[in-house]
Amino acid sequence: MTGSIGQLARKNVRELTPYQSARRLGGNGDVWLNANEYPLAVPFSFTQQTLNRYPECQPAQVIERYAAYCGLNKEQVLVSRGADEGIELLMRAFCEPGQDKVMFCPPTYGMYSVSAETLAIETLTVRSLDDWQLNLPAILSQLDGVKLIYLCSPNNPTGNLVNPDDIRQLLAATAGKALVIADEAYIDFCPDASLVSWLDEFPNLVILRTLSKAFALAGLRCGFTLANREVIDVLLKVIAPYPLSTPVAEIAASALSEQGLAEMRRHVAELNSTREWLLQQLQASPLTEQVYPSHANYLLAKFTDSPRVFRALWDQGIILRDQNKNPGLAGCLRISIGTRQECETLITALNNLTLAEQA
């Protein structure tokens, strides 16, 4: 042999560090609070028996119902295999490798970087300010060659909303030059903060959504891109022929029915209530330095000795997400909001750890 098969891969892929999802990181636990999933399974039935036929590229009922949910026309909605596919489709459709750049503002969701590196598109990062708002002057001074700007709001992993006045200024500054992509994966937990009503005003605004969080369908892999028709038409040129399987389309349509939406909103209300309870309990723990307000289904907390807390909980089967390697998040752990019982188990474990330290 003259060399390994791996050497046949593209250089940028050989050097790529893959996104470390919660499932890749593993763990053995009973209380999974590391992936921002809804903590309970929601039952759905599947009735379609036409699996011998290919599905629609853009299932009509799914598109129509999501458009109605958002108050948009169906021509402004594209459905894909999770919002992650939407992130990558935008790069594939709008960015020339070696010429264009994508920008994002860490600490934020890691797939913006991974998707760009996979496609050999240059990335430009502008660190958020200490309060995790945009460093708007720095962004505006570095827009040369930038084609796509990804903003996550509520931001993962910090939970804060991006100042809408800053987004409005950025949209105005990039009009006709770049797309601003608002990743609203968690917006169903704070729907009043959505930018969807801005689409008519800003042709360069794109919004990403998902059924993975509030709709409790992370395993379904169903996401949406919301934009003006001109953007959607471009994305339809590069999307796979059959992005959603027939079972996925049927379950997604059911989740977007009147009954499904009512159930989702009930779950959101319960989870938001549990989040506020957990925030108060964490703030009372001697192990906690700070708990940051959140508009999503998780909390970011800074601990006095986060590696010890993380490992002690991990060993008890309580799995959190370590954020120490993210810019500006030293000492921080991200905690998904589980059931009330799971959150109580977490607090009991922290209290016991406090007692062990004091003994």
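Residues numbered from 1 in each chain as written. Predicted model: local features only at pLDDT ≥ 70, side-chain atom pairs only at ≥ 80, totals over all residues. Heavy atoms only, no water.

As recorded by an unreviewed UniProt entry, the protein chain carries the name Histidinol-phosphate aminotransferase and is attributed to Tatumella ptyseos ATCC 33301. Per UniProt, the protein chain has the following entry under Sequence similarities (unreviewed entry): "Belongs to the class-II pyridoxal-phosphate-dependent aminotransferase family. Histidinol-phosphate aminotransferase subfamily." As its UniProt record puts it under Cofactor (unreviewed entry), the protein chain is described as follows: "pyridoxal 5'-phosphate". (UniProt positions renumbered as here; feature names shortened; annotations may be inferred.)

A. Geometry of the domain arrangement of the protein chain. On domain assignment, one finds that the protein chain holds domain 1 (7-39 + 261-354) and domain 2 (60-257). Domain 1 and domain 2 are separated by 24 Å when their C-alpha centres are compared. In this complex, domain 1 contributes 31 residues to the contact, which on the side of domain 2 involves 32 residues. In this assembly, domain 1 packs against domain 2 so that about 2500 Å² is buried in total across both faces, 63% of it on carbon and sulfur atoms. Our count for the domain 1 to domain 2 interface comes out at 7 residue pairs in polar contact (both at pLDDT 80 or more). (Domains from an automatic or database assignment. Contact = heavy atoms within 4.5 Å. Buried area = accessible area lost by both parts, 1.4 Å probe. Polar contact = N/O pair within 3.5 Å; in protein donor to acceptor, adjacent residues only side chain to side chain.)

B. Structural context of the UniProt feature "modified residue: N6-(pyridoxal phosphate)lysine" (unreviewed entry) in the protein chain. As recorded in UniProt, the feature "modified residue: N6-(pyridoxal phosphate)lysine" (unreviewed entry) lies at Lys 213. Residue placement: Lys 213 occurs in the loop between strand E7 (205-210) and strand E8 (223-226). On the accessibility criterion, Lys 213 (14% relative accessible area) is buried. Discounting residues that sit within four places of it in the chain, Lys 213 has contacts with Ala 35, Asn 36, Tyr 38, Ala 185, Tyr 186, Phe 189 and Asn 297. (Helix = DSSP H or I, 4+ residues; strand = E, 2+ residues; numbered from the N terminus. Buried < 20%, exposed > 50% of the residue type's maximum accessible area, 1.4 Å probe, protein only.)

C. View of helix H4 (residues 82-94). Compared with the 18 Å implied by 1.5 Å per residue over 13 residues, the 19 Å span of H4 between its first and last C-alpha is a close match. Those residues of H4 that sit buried are Gly 82, Ala 83, Glu 85, Gly 86, Ile 87, Leu 89, Leu 90, Met 91 and Phe 94. (Expected span 1.5 Å × (residues − 1).)

D. Fine view of the packing of aromatic side chains. Overall, the coordinates contain 11 aromatic pairs when judged by the stated rule. Ring centres 5.6 Å apart and planes at 90° place the aromatic pair Tyr 109 and Tyr 112 in the edge-to-face group. For Tyr 112, a relative accessible area of 0% puts it in the buried group. Measuring from ring centre to ring centre gives 5.0 Å for Tyr 186 and Tyr 298, while their planes differ by 80°; the resulting arrangement is edge-to-face. Within this pair, whereas Tyr 186 is found in the loop between strand E6 (179-183) and E7, its partner Tyr 298 is found in strand E10 (residues 298-303), the two being separated by 112 residues in sequence. The burial state of Tyr 186 is the same as that of Tyr 298; both residues are buried. Among the aromatic residues, those joined into a cluster by ring pairs are Tyr 66, Tyr 69, Phe 215 and Phe 224. One cation-aromatic arrangement involves Arg 168 over Trp 198; the distance from NZ or CZ to the ring centre is 4.3 Å. (Phe/Tyr/Trp six-rings, centres within 6.5 Å; stacked < 30°, edge-to-face > 60°. Lys NZ or Arg CZ within 6 Å of the ring centre and 35° of its normal.)

E. How the structure looks around the environment of Gln 259. Within the secondary structure, Gln 259 is located in helix H10 (residues 258-283). On the accessibility criterion, Gln 259 (67% relative accessible area) is exposed. The sequence separation of Gln 259 and Ala 312 amounts to 53 residues, and the corresponding C-alpha distance is 41 Å.

F. Here's a closer look at the sheet that holds strand E12 (residues 321-322). Here we have 4 strands laid out as an open sheet, ordered E9-E10-E13-E12, and antiparallel in their pairing. Looking at the sheet topology across the chains shown, the edges are occupied by strand E9 (288-292) and E12. Where E10 and strand E13 (residues 332-336) come together, 5 bridges link them in antiparallel fashion. Each bridged residue has a counterpart across the sheet, and for Leu 300 the counterpart in E13 is Arg 334. Helix-sheet contacts for helix H11 (residues 306-315) involve E10, E12 and E13, and the interaxial angle to E13 is about 35°. (Pairing = 2+ DSSP bridges. Axes fitted to C-alpha atoms, helices over the stretch in contact; angles between N-to-C directions.)

G. Layout of the packing of H4 against helix H5 (residues 111-118). Direction vectors running N to C along H4 and H5 enclose 45°, while the axes themselves pass 10 Å from each other. For the element pair H4 / H5, the angle class is oblique. Where H4 crosses over H5, the handedness of that crossing is right-handed. Contacts between H4 and H5 involve Asp 84, Ile 87, Glu 88 and Met 91 from the former and Met 111, Tyr 112, Ser 115 and Ala 116 from the latter. (Parallel < 35°, antiparallel > 145°, perpendicular 65-115°, else oblique. Left-handed = near helix turned anticlockwise from the far one by under 90°.)

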